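Structural description and commentary
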Amino acid sequence: MNIGSLDLESNLFLSPLAGYTNLPFRLTAKSLGGLGLVTTDLVNARSLLEGRPVAFKMIATDPREQPMAVQLFGGVPEEMRDAAVIAAEKGAQSIDINMGCPVKKVVKTGSGSSMMKDHHKTRELVKGMIDAVEVPVTAKMRLGWDSDNITAPDLARTLEDVGVSAI
C-alpha cells in the first residue's frame, strides 16, 4: 500500500490513542509485526512551536518504528504549517491532521472535529501544510460535526483537490 511517497508493508495502521501511543508503545506494537504505519498521540501544533519538551517527547522517533506519522491538531494555519515542518525535520515520514477529536478543549480552538464545519478555512490550512512539507499529509476525520451535519464526503473531496494523500 502507498500513501503519497510512502511504500507501506501493509494496510494496517496503529491509530493515535490519546495517552497511549508514545514511543515505547509504538515500538512494541511495531515489533509484533504486520503494521504498515504507526502514528503518534495527537500533538498540539502550538506546543511544538513553543519548544515544549513534552511535545518533542511525543514526536520522538526511532528507526525501528518507521514509517511513522505525527498527528497534529490546531486551528491556526501558520502554526499547523510550521509544526508540520518541525515534525518532518524531526523524522516524521507523514503528517496526519486530527479533524476528529470532539474534546471541548480541542474544538474551542478551532481544532479537531470543529474543522469539519468550515471547509474553506480547513482547505486553506491543509493546503498550506501540503505546500510546506515533502512528506505525505493525511487527515483523520469524523462523519461530520454532528449527526445533523454529515460533512465528511464534501470535505474529503475538497481535501483531495488540494493534494491530501489519504483520509
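See the structure printed just above.
These numbers were taken from a predicted model, which means no experiment stands behind them.

**Notes on the nonpolar core**
Soluble globular proteins tend to bury their nonpolar side chains together. Counting residues in hydrophobic clusters, the biggest one holds 36 residues, and the most contacted among them are Leu72 and Met99. Sorting elements by how many residues they give to this core places helix 4 (residues 77-89) first, with five residues. Aside from chain neighbours lying at most four places away, what touches Leu72 is Val43, Leu48, Met80, Ala83, Ala84, Ile95, Asp96, Ile97, Asn98 and Met129. Ranked by size, the runner-up nonpolar core spans five residues in total, among them Leu6, Leu8, Leu37 and Ala69.

**Considering helix 7 (residues 152-162)**
Buried within helix 7 we find Ala152, Leu155, Thr158, Leu159 and Val162. Projected onto a plane normal to the axis of helix 7, the buried residues spread over an arc of 125° and lie on a single side. Facing away from the buried side of helix 7 by over 90 degrees, the exposed positions are Glu160 and Asp161. In this structure, the buried residues of helix 7 make contact with strand 6 (94-99), helix 6 (119-132) and strand 7 (137-141). After helix 7 finishes, the residue Gly163 shows a positive phi value of roughly 105°.

**Some points on the side chain of Thr39**
Mapped onto the fold, Thr39 is located in strand 4 (residues 37-44). Apart from residues lying up to four places away in sequence, Thr39 is in contact with Leu14, Pro16, Thr21, Arg26, Ala69 and Gln71.

**Looking at the pairing of strand 7**
With four of its five residues buried, strand 7 lies for the most part within the structure. Sheet topology note: the strand 6/strand 7 ladder contains five bridges and is parallel. Considered in strand 7, the bridge of Ile97 is made with Ala139.

**Quick word on the pattern of salt bridges**
One pass over the full model with this rule turns up eight salt bridges. Of the charged contacts in the structure, one is a salt bridge between Glu50 and Arg52, with a shortest N-O distance of 2.7 Å. On the basis of relative accessibility, which here comes to 43%, the residue Glu50 falls in the partly exposed class. Exposure remark for Arg52: the relative accessible area of 44% places this residue in the partly exposed category. A salt bridge links Asp62 to Arg64; the nearest nitrogen and oxygen atoms lie 3.0 Å apart.

The rules we used
- Residues numbered from 1 in each chain as written.
- Predicted model: local features only at pLDDT ≥ 70, side-chain atom pairs only at ≥ 80, totals over all residues.
- Heavy atoms only, no water.
- Core = buried A, V, L, I, M, F, W, Y, C linked by side-chain atoms within 4.5 Å.
- Buried < 20%, exposed > 50% of the residue type's maximum accessible area, 1.4 Å probe, protein only.
- Helix = DSSP H or I, 4+ residues; strand = E, 2+ residues; numbered from the N terminus.
- Contact = heavy atoms within 4.5 Å.
- Arc of directions from axis to C-beta.
- Pairing = 2+ DSSP bridges.
- Salt bridge = Lys/Arg side-chain N within 4 Å of Asp/Glu carboxyl O.

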